[in-house]
Amino acid sequence: REAAGHGGFWLLALGFFVCGFQVVFIGVHMPAYLVDQHLPAQVGTTVLALVGLFNVFGTYTAGWLGSCYAKPKLLVALYLLRGVVIVAFLWAPPSEWSAYAFGMAMGFLWLSTVPLTNGTVATLFGVRNLSMLGGIVFLFHQLGSFLGGWLGGYLYDRTGSYMLVWQICIGLSVMAALLNWPVRERPVARLQAQAR
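Right, let's walk through the structure included here. (Residues numbered from 1 in each chain as written. Predicted model: local features only at pLDDT ≥ 70, side-chain atom pairs only at ≥ 80, totals over all residues. Heavy atoms only, no water.)

1. Considering the layout of surface pockets
Thought 1: There is about 210 Å³ of room inside the largest pocket.
Thought 2: Around the largest pocket, the lining comprises 13 residues; the ones closest to its centre are Arg1, Glu2, Asn129, Met132 and Leu133.
Thought 3: Residue assignment for the lining of the largest pocket shows that the elements contributing at least two residues are α1 (7-36) and α6 (130-159).
Thought 4: Of the residues assigned to the lining of the largest pocket, the class counts are eight nonpolar, one polar and four charged.
Thought 5: Here the second largest pocket is characterised by a volume of approximately 160 Å³.
Thought 6: Gly58, Thr61, Ala62, Leu65, Leu74, Ala77, Leu78, Leu81, Phe108, Leu109, Ser112 and Leu116 are the residues that line the second largest pocket.
Thought 7: Taken together, the elements giving at least two residues each to the lining of the second largest pocket come down to α2 (41-66), α3 (71-91) and α4 (96-109).
Thought 8: Of the residues assigned to the lining of the second largest pocket, the class counts are nine nonpolar, three polar and no charged. (1 Å grid on protein atoms, 1.4 Å probe; cavity = no way out; pocket = protein on both sides within 12 Å on 5 of 7 lines; lining within 4 Å. Points joined across faces, edges and corners; volume = space filled by probe spheres on them. Helix = DSSP H or I, 4+ residues; strand = E, 2+ residues; numbered from the N terminus. Nonpolar A, V, L, I, M, F, W, Y, C, P; charged D, E, K, R; others polar.)

2. Brief notes about the pattern of salt bridges
Thought 1: What the rule picks out here adds up to one salt bridge.
Thought 2: The salt bridge partner of Glu185 is Lys71, with a shortest N-O separation of 2.7 Å. Of this pair, Glu185 sits in the loop between α7 (163-180) and α8 (189-195) while Lys71 sits in helix α3, placing them 114 residues apart in sequence.
Thought 3: Lys71 gets classed as buried once you look at its relative accessible area, which sits at 13%. (Salt bridge = Lys/Arg side-chain N within 4 Å of Asp/Glu carboxyl O. Buried < 20%, exposed > 50% of the residue type's maximum accessible area, 1.4 Å probe, protein only.)

3. Regarding the packing of α2 against α4
Helices that pack against each other are described as a pair by the angle of their axes relative to one another and the distance between those axes.
Thought 1: α4 packs onto α2 with a crossing angle of 30 degrees between their chain directions and a minimal axis gap of 5 Å. What the angle tells us is that α2 and α4 run roughly parallel. At the point where α2 passes α4, the crossing takes the right-handed sense. Side by side, α2 and α4 meet where Val43, Thr46, Val47, Leu50, Val51, Phe54, Asn55, Phe57, Gly58, Thr59 and Thr61 of the first sit next to Glu96, Ala99, Tyr100, Gly103, Met104, Gly107 and Phe108 of the second.
Thought 2: Classifying every residue of the contact of α2 with α4 gives 10 nonpolar, seven polar and one charged. (Axes fitted to C-alpha atoms, helices over the stretch in contact; angles between N-to-C directions. Parallel < 35°, antiparallel > 145°, perpendicular 65-115°, else oblique. Left-handed = near helix turned anticlockwise from the far one by under 90°. Contact = heavy atoms within 4.5 Å.)

Put into C-alpha cells, the structure is as follows:
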C-alpha cells in the first residue's frame, strides 16, 4: 500500500521500463544493425562482448557512487549519458572502432541502473519487502524489454531501417531522466517514525 501510493516508486518503475527497452533493443538488434552498416558480422558479437565486460565495471561504479551521492540524480545522469552515447554513435561514421567504443561506453551504462534503482527503493521503503517491490519495478523493465525487442524488429520490417528505433531510444533517455529527477530519497513515514 505504501508503494502503490508513492509517486516516486512509480517514477522509478517507469524509468526502469526505459532501461529494459534500450538494453534489449541493443542486445538483440545491434549485430544486424552493424551488418546493415556494411561491417563484418563478428563486429556485432565483439560489441556485445564488450558490453558484457564493461557492464561489470559500470555496475560496480554505480553502486559505489550510489553510496556517496543521491541515487535518483545519478539515474538522471546515467540516462542522459545513454542518450549522448547513442547520438555520438549514430553521428560518427560507421566503423569497427566506433562500434567498439559504443560497446564499451554503453556497457559501462548497461545495468548501472540496477543498484541505483533498487537502492532507492530500499531507502524509500526499507529492505523488508525489497524482493517484492524490486520485482514490481523489474516487471516494468521486462515490459520495456519486450517492447524494445519486438518494436525493433517490427519497425525494421516496416521501414527497412533501425533509425526510428534509435531515435525512440534517445527520446526515452530524456524521458527517463525527467522521470527520475523529482524522486527524493526520503524514507516513508513508517521508517521515519521507527528511526525516532
